[in-house]
Amino acid sequence: MESEGYKVVFEKDSVFLHTSAKRHQDQDSLIPGVIRIVEKGSDTVLQWTPVEEAGDAPQIVFSKKDLSGSTTEEVLFDPGYEPDWAVISTVGTRPRVQDEPPVPVAPPPSPRGQWAFSISLSELKSIRKSRPGLGWSYLIFITKDGVSLQALHFHRGGTKALLRALCKYLILATSPKDSRLYLVYTHDSYALSHSFDELQLFDDNSSNLVSRFLQDPYTAAFGGFSKVTNFFRGALHHEDGTAQRALGDPSAGLEDEPGFEVITCVQLGERPVVQREPPVTELEWEQHLDPEGRVTNVDRLRRRIFAGGLSTGLRKDVWKYLLGYYSWDNTSEENRAHVRRKTDEYFRMKLQWKSVSEEQEQRNSLLRGYRSLIERDVSRTDRNNKFYEGSENPGLVLLNDVLMTYCMYNFDLGYVQGMSDLLSPVLYVTQNEVDAFWCFSGFMDLVHQNFEESQESMKRQLAQLTQLLRLLDPLLCDFLDSKESGTLCFCFRWLLIWFKREFAFTDVLQLWEVLWTGLPCPCFHLLVACGILDSEREALMNSGFGFNEILKHINELTMKMNVNDILCRAEALYRQLAATPELLRPVQELLGLGAGASPSHSASSDPASSPQPLSPGQAPELELADSIPPSQPDSSIEILPTEDPSPCQSPSP
């Protein structure tokens, strides 16, 4: 649309203004409109205009589930607030009620016009984008006077297109203090951008370059200066027929709804080939024990466990060291004395909840809630394993008792769904109530933040996983972004319970003991996740999958992956990154590649790299079956695809 002195250069419909955060059915709580960028003579303005719709606006509902998993009710959802990792099951569109035809009357004056706005781009100070999670992506425009305009919700996407269009007139730089805030600069800062253009050091558009320079001057500048060498090399070794690279997209580096941004000039080297070693044998273990039972050459032993795992007969003893239950420096006698002390401590804690009467429990809703959750989860944890099969299996009783006692040990955290998955293999290996409790406590010291109500740790890990994947495979990340899957929310369960439900039971035992070594870096479980995605790269990118199909495909990987293949991929990814000297500092810190770290880093003598020794305990052992039938998927934690390809939600733990 163009007229004299008036030109629309960008237009996007289905941009809603939410006038109320309350959950009600007032259609004016969601006002549809059109966002435009309009050139008016020498000025350019951003304007949003409401539109009238014939009929009601679509209402978004989601199904809530009760504790038994059955659908109980549908609740109207109005994301007028900033939803954060809301735990829901499915999202759909409520069918419109077919009302009888209304009697024609003169329409009253519409109040929607009062919400329209128009602002000159020169008056913009910053733009805030929505937080990844449930709901439509939105943008909030903030003026230089500090006025925040109403949030505009893009029900059908389009934030990236709008930001790309704005980059023609503005420079957008991510705030160093807030990754969700774009700082707005005008092209009047001519000196910097013009200097880059004149020097011709960059084949990127100068406005995008300035944006990157403001965010990370070191990487942007030196990455550009390095192209001087490439320029002269290309001039001296010119090849005919070589097409000149197109100018960069002005919106490159900007997140679509929602995403994660990593600006880097790093070029990774070749990925090495890694092979697993045979597991540590009992003879090899004995060679690491001195005459008094102390473990010697601990670093070397850790490296061997990382490279090959443990033989089945060793797990019962060595897991106690890996989980901090035994001290590597203690003699056999010192460990036995430690066991006796911790056995007493365990049974004192167990007596605390065992001695609570029914009448007392009726007045203790927290304890009553923990007991109910534990009983429900125990009844469905690894029931296909002979260790836990059958209604009268003593393994179920021990599983219940250890979890209840842990509530007494760590009452602030208590019990959260998913903890039974972490305890089950530990109890299976130790076959002892007290040993299992203290080993489980050591395991929880590593992952307890996964179960905290704020879920800050899970958000951080998903962001770190996205950062690593974008560095390792930007094309795969771009593909997932284009399918509204860039938040990697389908990896939530992987990280929450350390892949417990993704691999066969025996494979989980091997995977966990490798991760417990703390090698080659504390975040190796993130590289395991990258290894899984790397193994499925072709299947994902060449299949034409959409949002729902990606979730379905990831869920169907359960019990179909080879743990040795994934571990080889994960270690190869680490070595590839460790051999790259130009990694940004946050990535180096994430991978434990700080000052003094060797690229071939594979072990650490720092005691902080593994859980510190806890106190052991001992109790009469149970005779339990050794055989393990093939594992089957456990559906009590599942990720359900939504009907609407909106940003995904984290499953309930």
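Quick caveat: nothing in here was measured; it's all calculated off a predicted structure. (Residues numbered from 1 in each chain as written. Predicted model: local features only at pLDDT ≥ 70, side-chain atom pairs only at ≥ 80, totals over all residues. Heavy atoms only, no water.)

> I'd like to hear about unusual backbone geometry, residue by residue, with values.
Residue Pro520 is bonded to the preceding Leu519 through a cis peptide linkage, with omega at -10°. Relative to the elements of secondary structure, Pro520 occurs in the loop between helix H17 (505–516) and helix H18 (524–535). A positive phi is found at Gln431, a non-glycine position, where the angle reads about 50°. Note that Gln431 resides in the loop between helix H12 (419–430) and helix H13 (433–447). For Gln431, a relative accessible area of 17% puts it in the buried group. Phi angles above zero are rare outside glycine, and Trp498 is one such case at about 50°. Inspection of the secondary structure assignment puts Trp498 in the loop between helix H16 (492–496) and H17. The class for Trp498 is buried, based on a relative accessible area of 8%. (Helix = DSSP H or I, 4+ residues; strand = E, 2+ residues; numbered from the N terminus. Buried < 20%, exposed > 50% of the residue type's maximum accessible area, 1.4 Å probe, protein only.)

> Tell me what's going on with the pairing of strand E12 (residues 170–174), and back it up with residues and numbers.
The buried fraction of E12 is high, at 5 of 5 residues. Alternating positions in E12 separate into two faces, Leu170, Leu172 and Thr174 on one and Ile171 and Ala173 on the other, with burial throughout. Bridge count for E12 against strand E13 (residues 181–186) is 5 bridges, and the pairing is antiparallel. Residue Thr174 lies in a different strand from E13, and its bridge partner there is Tyr182. Hairpin connection between E12 and E13: a loop of 6 residues separates the two successive antiparallel strands. (Pairing = 2+ DSSP bridges.)

> Give a detailed account of the packing of helix H11 (residues 394–409) against H12, specifying residues and quantitative values.
Taken N-terminus to C-terminus, the directions of H11 and H12 make an angle of 125°; their axes are 10 Å apart at the nearest point. Put simply, H11 runs oblique to H12. Classified by chirality, the crossing of H12 by H11 is right-handed. Where H11 abuts H12, its residues Gly395, Leu398, Leu399, Val402 and Leu403 lie against Met419, Ser420, Leu423, Ser424 and Leu427. Residue composition of the contact of H11 with H12, grouped by class: 7 nonpolar, 3 polar and no charged. (Axes fitted to C-alpha atoms, helices over the stretch in contact; angles between N-to-C directions. Parallel < 35°, antiparallel > 145°, perpendicular 65-115°, else oblique. Left-handed = near helix turned anticlockwise from the far one by under 90°. Contact = heavy atoms within 4.5 Å. Nonpolar A, V, L, I, M, F, W, Y, C, P; charged D, E, K, R; others polar.)

> Could you give an account of helix H7 (residues 315–322), with specific residues and numbers?
Counted residue by residue, H7 has 6 buried out of 8 residues, so it is predominantly covered. Of all the positions in H7, only Arg315, Val318, Trp319, Lys320, Tyr321 and Leu322 are classed as buried. On the buried face of H7, the contacting elements are helix H5 (282–286), helix H6 (298–308), helix H8 (332–354), H12, H13 and H17. Of the residues trailing H7, Gly324 is marked for its positive phi of about 75°.

> How would you summarise the packing of H7 against H17 if you had to cite specific residues and measurements?
Here H7 crosses H17 at 35°, and the two axes come no closer than 10 Å. Of the two possible hands of crossing, H7 and H17 adopt the one that is left-handed. In contact with Arg315, Trp319 and Leu322 of H7, H17 contributes Leu509, Gln510, Glu513 and Trp516. Split by residue class, the contact of H7 with H17 holds 4 nonpolar, 1 polar and 2 charged.

> Tell me what's going on with the pattern of salt bridges, and back it up with residues and numbers.
Tallied over the full model, the rule gives 32 salt bridges. The salt bridge involving Glu284 is made with Arg304; its shortest N-O contact spans 2.8 Å. In this pair, Glu284 is assigned in helix H5 and Arg304 in helix H6, connecting sequence segments 20 residues apart. A residue is classified by how much of its surface remains accessible, and Glu284, at 18% relative accessible area, is buried. Overall, Arg304 belongs to the buried group, its relative accessible area being 15%. Here Arg376 ties to Asp377 by a salt bridge, and the two come within 3.5 Å at their closest N and O atoms. It is possible to trace a salt-bridge network through shared partners that takes in Arg271, Asp534, Asp565 and Arg569. (Salt bridge = Lys/Arg side-chain N within 4 Å of Asp/Glu carboxyl O.)

> Talk me through the pairing of strand E10 (residues 137–143); I want residue IDs and the actual numbers.
E10 sits mainly inside the fold: 7 of its 7 residues count as buried. With burial as the criterion, each face of E10 is covered, one bearing Ser137, Leu139, Phe141 and Thr143 and the other bearing Tyr138, Ile140 and Ile142. Taken together, the 5 bridges between strand E9 (residues 124–129) and E10 define a ladder with antiparallel strand orientation. Residue pairing across strands places Ser126 opposite Ile142, the latter belonging to E10. Bridge count between E10 and strand E11 (residues 152–154): 3 bridges; the pairing is antiparallel.

> Describe the confidence of the model for the protein, and please don't skip the residues or the numbers.
Per-residue pLDDT for the protein averages 76, and the proportion of residues at 70 or more is 66%. With pLDDT under 50 throughout, residues 53–107 is counted as low confidence; its partners more than four residues away or in other chains account for 108 contacts. Scored below 50 in pLDDT, residues 217–264 shows 75 contacts in the model against residues more than four places distant or in partner chains. (pLDDT = per-residue confidence, 0-100.)

> Explain the nonpolar core residue by residue, including any values.
Phe451, Phe524, Leu527 and Leu591 are the most contacted members of the largest nonpolar core, which has 119 residues in total. Formed jointly, this core draws a minimum of three residues from each of two domains, domain 2 (199–225 + 265–311 + 450–593) and domain 3 (328–446). Residue contacts for Leu527: discarding those within four places in its chain leaves Leu468, Leu472, Cys521, Ala570, Leu573, Tyr574, Leu577 and Leu591. By size, the runner-up hydrophobic cluster in this structure holds 28 residues, among which are Val15, Leu149, Cys167 and Tyr182. (Core = buried A, V, L, I, M, F, W, Y, C linked by side-chain atoms within 4.5 Å. Domains from an automatic or database assignment.)

> How would you sum up the packing of aromatic side chains? Please name residues and give values.
This model, assessed by the stated rule, comprises 24 aromatic pairs. With centroids separated by 5.2 Å and ring planes inclined at 70°, the aromatic side chains of Phe306 and Phe524 adopt a geometry described as edge-to-face. With a gap of 218 residues between them, Phe306 in helix H6 and Phe524 in helix H18 connect regions that are remote in the sequence. A residue is classified by how much of its surface remains accessible, and Phe306, at 5% relative accessible area, is buried. Looking at Phe524, the relative accessible area reads 1%, which means it is buried. Seen from their ring centres, Tyr346 and Phe347 are 5.2 Å apart, and the 75° between their planes marks the pair as edge-to-face. Taking relative accessible area as the criterion, Tyr346 reaches 0% and is therefore assigned buried. Residue Phe347 is classed as partly exposed on the basis of its relative accessible area, which comes to 35%. (Phe/Tyr/Trp six-rings, centres within 6.5 Å; stacked < 30°, edge-to-face > 60°.)

> Explain the environment of Arg569 to me, and be specific about the residues and the numbers.
With respect to the helices and strands, the residue Arg569 is situated in helix H21 (residues 563–578). Sequence separation of Arg569 and Arg271 is 298 residues, and the distance between their C-alpha atoms is 9.3 Å. Discounting residues that sit within four places of it in the chain, Arg569 has contacts with Gly531, Asp534 and Ser535.

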